[in-house]
Amino acid sequence: MDTDFAKRRRRDLIVAACLAVIAALVPLFVKDVYVQNIMVLTLMYAALSQSWNILSGYCGQISLGHALYFGLGAYTTTLLFTKFGVLPWFGMLGGGLISALIAMALGYPCFRLRGHYFVIATIVIAEIALLLIQNWDWAGAALGIDIPVRGDSWLKFQFTRSKLPYFYFALGLACVAWFVTWWLEDSKWGFWWRAVKDNPDAAESLGVVVFNSKMGAAAVSAFLTAVGGSFYAQFVSYIDPESVMGFQFSLLMALPAVVGGIGTLWGPMLGAVILIPLTELTRSFIGGSGRGVDLIVYGTLIVLISLARPQGLIGLFSPKRKEAVR
Amino acid sequence: MTAETIIQSLASGLLMGLLYGLIAVGLALIFGLMDVVNFAHGEFLMIAMYATFFLFAFFAIDPLLAAPLVAAALFVFGAVVYLLIVRFAVRAKANAGMVQIFSTFGLAIVMRGLAQFFFTPDYRSVTHSWLGGKTISLGGIFLPEPQLVGAAVSIAAFGGLYFFINRTDFGRALEATREDAGAVALVGIDKNRVFALGWGLGAALVGLAGAIMSIFFYIYPDVGASFALIAYVTVALGGFGSVFGAFAGGIIVGLVEATTAMILPPSLKSVGIYAVYLLVVFVRPRGLFGSI
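On a predicted model such as this, the values are computed, not experimentally measured, just so you know. (Residues numbered from 1 in each chain as written. Chains lettered and ligands numbered in written order. Predicted model: local features only at pLDDT ≥ 70, side-chain atom pairs only at ≥ 80, totals over all residues. Heavy atoms only, no water.)

Novice: Could you clarify how one ought to interpret the overall build of chain B in this entry?
Specialist: Counting secondary structure elements, chain B contains eleven helices and two strands. Overall, chain B shows an N-to-C arrangement of helices and strands of α-α-α-α-β-β-α-α-α-α-α-α-α. For a compact globule of 292 residues, the expected C-alpha radius of gyration is about 19 Å, and chain B comes in at 19 Å, within 12% of that figure. Counting all 292 residues of chain B, 55% fall into the buried class. Taking contacts inside chain B between residues at least 6 apart in sequence as the whole, the part at least 24 apart equals 78%. A total accessible area of about 11,800 Å² is found for chain B, and carbon and sulfur atoms account for 68% of it. For chain B, the centre of its 14 positive side-chain charges and the centre of its 13 negative side-chain charges are spaced 8 Å apart. (Helix = DSSP H or I, 4+ residues; strand = E, 2+ residues; numbered from the N terminus. Rg over C-alpha atoms; globule rule 2.2 N^0.38 Å. Buried < 20%, exposed > 50% of the residue type's maximum accessible area, 1.4 Å probe, protein only. Contact = heavy atoms within 4.5 Å. Areas by Shrake-Rupley, 256 points an atom, 1.4 Å probe, with all protein chains shown as cover. Lys, Arg positive; Asp, Glu negative; His and termini not counted. Charge placed at Lys NZ, Arg CZ, Asp CG, Glu CD.)

Below, the structure is given as structure tokens:
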């Protein structure tokens, strides 16, 4: 079984490398800005959902408050840049580190909670942060912040003429998130997390330090999510509390993993590739004429998938994969 | 700040809290019965408010008279949701917790979309009703009549629920199913029927709350979202599954909200509720009245 596992991991890595190369070549053929925009969003959600999946999927601690870390990343970068002129790259790193620290500080009391008490705590904490930012005048309050355009440059991570640099960054981010997950899957942490998810009491009795492994998952997950937030702020060059820290965003981040397959390596990617283009297309083709149709399509899809394929759509590709991991 | 204004806002907080309890109790009932959190609970409230609004707009039925009709309609709706969705969600073998959360979340999104599609995102209100805008003065404290009646309905509903659970056959079947869903099959109770009736009852209770709320709240497709989180906090504060924990939780939430609004800017009034929730579960991870 061990060799099977090693073989599968090698195959996963090769497939991922091929997919990344193919994805990198796509913009050579697809010049349409609208389509490129959808591709950037798809890659961003893939990366975000992959990060969410580390804490919620692998470690089993369902967070519906990840918008907190996304918003922290977006706000740290934006505030440092607009108020102090700090380059977004440092803001990205800083936002990631701050988020990881905050995730651990919050995890300290929250990881004692189980089940729905934990889920609601994550929602409530993100909601408190949202309300605080909405009332914080220096940070733009409810109106948000416009990021001033200072011309195209990699140094300031701003591009007005072409979306391609954003595309390649998002692709890089998705690759990093995937690779981190791939790497962690086979590490001591990965095994601990799956044990904690399946049965925390049994894991504890076998010597897994449940609390520390949850903290580790939270820190990694929050760091990557915050980097995604920094990227998003630069990409749309305008942020406001509701759009980057609202509850809706926590959900949007989780759904690709839910649709593709929670706690799987490929699930978040697959889910994002299906969900994001579908949402964007329904929004632009039907959404305009009859408001709410995009929500109806989206919601119906989620209900049907979670009822018909609770293990996610990834199971369609290799039904035996789950057993192989265990 | 005078003593009078403090009593005034605590009194309104108490009334609002009783209504929060009524909004939340359906959630607590369903959770206690089958360990499922209905993440479309806020949307149940939303359609109840719309139903009340349309009964008023088309047939000039006052929300107070509409309340029993709306509750009955929601009863049917809740049972149908169980039979069409939840029944299958609880059977899931993989990712059981996630499936419950996201199947009802998906339903919530669909309901919101349908409301936008059919009712438009416009804000509606019941423009004139028997109670709307009226207040009663009790020793210098002004209490709005709709909230007062809402509080009375809430107390009556909790009283009725207590009687129902403890004194009727269906109530006993409900209790038995909640304790051991497998064993009740042996004595000839159809688990699915009890669950469907439980969902119906839970939905009917939030329907009652929605009918009262429509007297003094704007009605729009997203209205449920703002109350849903308060309802989850109320239920969790009381302890998941404890019906009377929801009653106590509602009162606490109402009072904390009123107190916070006195200290912090009104836009931050929910922060107090959320902070109290966190404090309570950090000390008691199962809520105030929840059992292990």
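Novice: Would you mind showing me how to read the overall build of chain A here?
Specialist: A tally of helices and strands in chain A yields 14 helices and two strands. Here chain A has a C-alpha radius of gyration of 19 Å; the compact-globule value for 326 residues is 20 Å, and the two agree. Across its three principal directions, the C-alpha atoms of chain A cover 55 × 45 × 40 Å. In chain A, which comprises 326 residues, the proportion classed as buried is 56%. Once local pairs closer than 6 in sequence are excluded, the contacts in chain A between residues at least 24 apart make up 79%. Total accessible area on chain A stands at roughly 13,700 Å², and carbon and sulfur atoms take up 69% of it. When the 24 positive and 18 negative side-chain charges of chain A are each reduced to one mean point, those points stand 5 Å apart.

Novice: Would you mind going over empty space enclosed by the protein with me for this structure?
Specialist: Sizing a probe to match a water molecule and rolling it over the atoms shows the empty space that remains. All names here are of chain A. For the structure shown, the criterion picks out five cavities of 30 Å³ or more. Here the largest cavity is characterised by a volume of approximately 150 Å³. Surrounding the largest cavity, 17 residues form its lining, Ser63, Tyr69, Leu106, Phe118 and Thr122 being those nearest its centre. Secondary structure elements with two or more residues in the lining of the largest cavity: α3 (67–84), α4 (88–110) and α5 (115–134). Sorting elements by how many residues they give to the lining of the largest cavity places α5 first, with five residues. In the lining of the largest cavity, the residues fall into twelve nonpolar, five polar and no charged. (1 Å grid on protein atoms, 1.4 Å probe; cavity = no way out; pocket = protein on both sides within 12 Å on 5 of 7 lines; lining within 4 Å. Points joined across faces, edges and corners; volume = space filled by probe spheres on them. Nonpolar A, V, L, I, M, F, W, Y, C, P; charged D, E, K, R; others polar.)

Novice: Is there a simple way to explain the pattern of salt bridges in this structure?
Specialist: Close approach of charged atoms allows side chains of opposite charge to pair. Residue and element names in this part refer to chain A. All chains considered together, the criterion is met by eight salt bridges over all chains. Two residues, Glu185 and Arg9, come together in a salt bridge whose shortest N-O distance is 3.8 Å. Remark: Arg9 occurs in helix α1 (residues 2–29) and Glu185 occurs in helix α6 (residues 164–185); sequence separation between them is 176 residues. Because the salt bridges share partners, they merge into one network encompassing Arg8, Arg9, Asp12, Glu185 and Asp186. (Salt bridge = Lys/Arg side-chain N within 4 Å of Asp/Glu carboxyl O.)

Novice: Honestly, the nonpolar core in this entry has me stumped. Any pointers?
Specialist: Judged by nonpolar contacts, the single largest core of 195 residues is most densely connected at Phe44(B), Phe102(B) and Tyr277(B). Excluding anything up to four places from it in sequence, Phe102(B) contacts Leu64(A), Leu251(A), Ala254(A), Leu255(A), Val258(A), Ile302(A) and Ser306(A). The next biggest cluster of nonpolar side chains, apart from the first, holds five residues, and it includes Leu15(B), Leu18(B), Leu143(B) and Ala151(B). (Core = buried A, V, L, I, M, F, W, Y, C linked by side-chain atoms within 4.5 Å.)

Novice: Could you clarify how one ought to interpret the pairing of strand β1 (residues 135–138) of chain B in this entry?
Specialist: Note on strand geometry: in a regular strand, side chains alternate between the two faces of the sheet. All names here are of chain B. Looking at chain direction, β1 and strand β2 (residues 141–144) are connected through four bridges and run antiparallel. What sits directly across from Thr135, in β2, is Pro144. Adjacent in sequence and paired antiparallel, β1 and β2 are bridged by two residues, among which Gly139 carries a positive phi angle near 55°. (Pairing = 2+ DSSP bridges.)

Novice: Quick question: what am I supposed to make of the interface of chain A and chain B here?
Specialist: You'll often see interface size given as the accessible area lost when the parts meet. Contact with chain A, which involves 43 residues of that partner, is made by 45 residues of chain B. Of the roughly 3,900 Å² buried between chain A and chain B, counting both surfaces, carbon and sulfur atoms make up 79%. Of all residues in chain A, the largest losses of buried area upon contact with chain B belong to His116(A), Tyr117(A) and Ile120(A), amounting jointly to 19% of the total for that side. Linking chain A to chain B there are zero salt bridges. Breaking the side of chain A that touches chain B down by element, the ones donating at least two residues are α2 (33–58), α4, α5, α11 (247–260) and α13 (293–308) of chain A. Examining the composition of the side of chain A that touches chain B, we find that twelve residues originate from one element, α5(A), more than from any other. Classifying every residue of the side of chain A that touches chain B by side-chain character gives 29 nonpolar, ten polar and four charged. (Buried area = accessible area lost by both parts, 1.4 Å probe.)

Novice: How do you make sense of the packing of aromatic side chains when you look at a structure like this?
Specialist: What characterises a pair of aromatic rings is the spacing of the ring centres plus the angle enclosed by the ring planes. By the definition in use, this model includes 42 aromatic pairs over all chains. When the centroid spacing of 4.4 Å and the interplanar angle of 40° are considered together, the rings of Tyr50(B) and Phe119(B) count as tilted. Pair noted here: Tyr50(B) is in helix α2 (residues 41–59) and Phe119(B) is in helix α4 (residues 96–119), with a separation of 69 residues, a long-range link. According to the relative accessible area criterion, Phe119(B) is partly exposed, its value standing at 23%. Judged by centre distance (5.6 Å) and plane angle (50°), the ring pair of Phe216(B) and Phe217(B) falls under tilted. When its relative accessible area of 23% is taken as the criterion, Phe216(B) is described as partly exposed. The ring of Phe191(A) has Arg194(A) sitting right over it, with the charged end atom 4.9 Å from the ring centre. (Phe/Tyr/Trp six-rings, centres within 6.5 Å; stacked < 30°, edge-to-face > 60°. Lys NZ or Arg CZ within 6 Å of the ring centre and 35° of its normal.)

Novice: What's the story with the side chain of Thr181(A) in this structure? I'm lost.
Specialist: Residue and element names in this part refer to chain A. Tracing the sequence through the fold places Thr181 in helix α6. Residue class for Thr181 comes out buried when judged on its relative accessible area of 2%. Apart from the residues lying within four places of it in its own chain, the contact partners of Thr181 are Gln50, Ile54, Tyr58 and Leu265.

Novice: Would you mind showing me how to read the confidence of the model for chain A here?
Specialist: For chain A, per-residue confidence averages 86 on the pLDDT scale, and 95% of positions sit at 70 or higher. For the stretch residues 321–326 of chain A, pLDDT sits under 50, and the model shows eleven contacts to residues farther than four places along the chain or on other chains. (pLDDT = per-residue confidence, 0-100.)

Novice: Would you explain unusual backbone geometry in this entry?
Specialist: Leaving glycine out, the prevailing phi sign among residues is negative, and the prevailing peptide bond configuration is trans. The phi torsion at Ser237(A) lies on the positive side, around 50°, for a residue other than glycine. When you line up the elements, Ser237(A) lands in the loop between α9 (210–236) and β2 (238–239). With a relative accessible area of 26%, Ser237(A) lands in the partly exposed category. Not every positive phi belongs to a glycine, and Asp35(B) is a case in point at roughly 60°.

Novice: I'm lost on a nonpolar patch on the surface in this one. Help?
Specialist: Residue and element names in this part refer to chain A. Residues Tyr34, Val35, Leu281, Phe285 and Ile286 make up a contiguous nonpolar surface patch of about 440 Å² in total accessible area. Counting residues per element, the ones that place at least two in the nonpolar patch are α2 and α12 (267–287). The leading source of residues in the nonpolar patch is α12, at three residues. Turning to its location among the elements, Phe285 is positioned in helix α12. Using a relative accessible area of 66% as the deciding quantity, one classes Phe285 as exposed. (Patch = residues over 30% accessible without salt bridge, like charges linked within 9 Å, V, L, I, M, F, W, Y side chains within 5 Å.)

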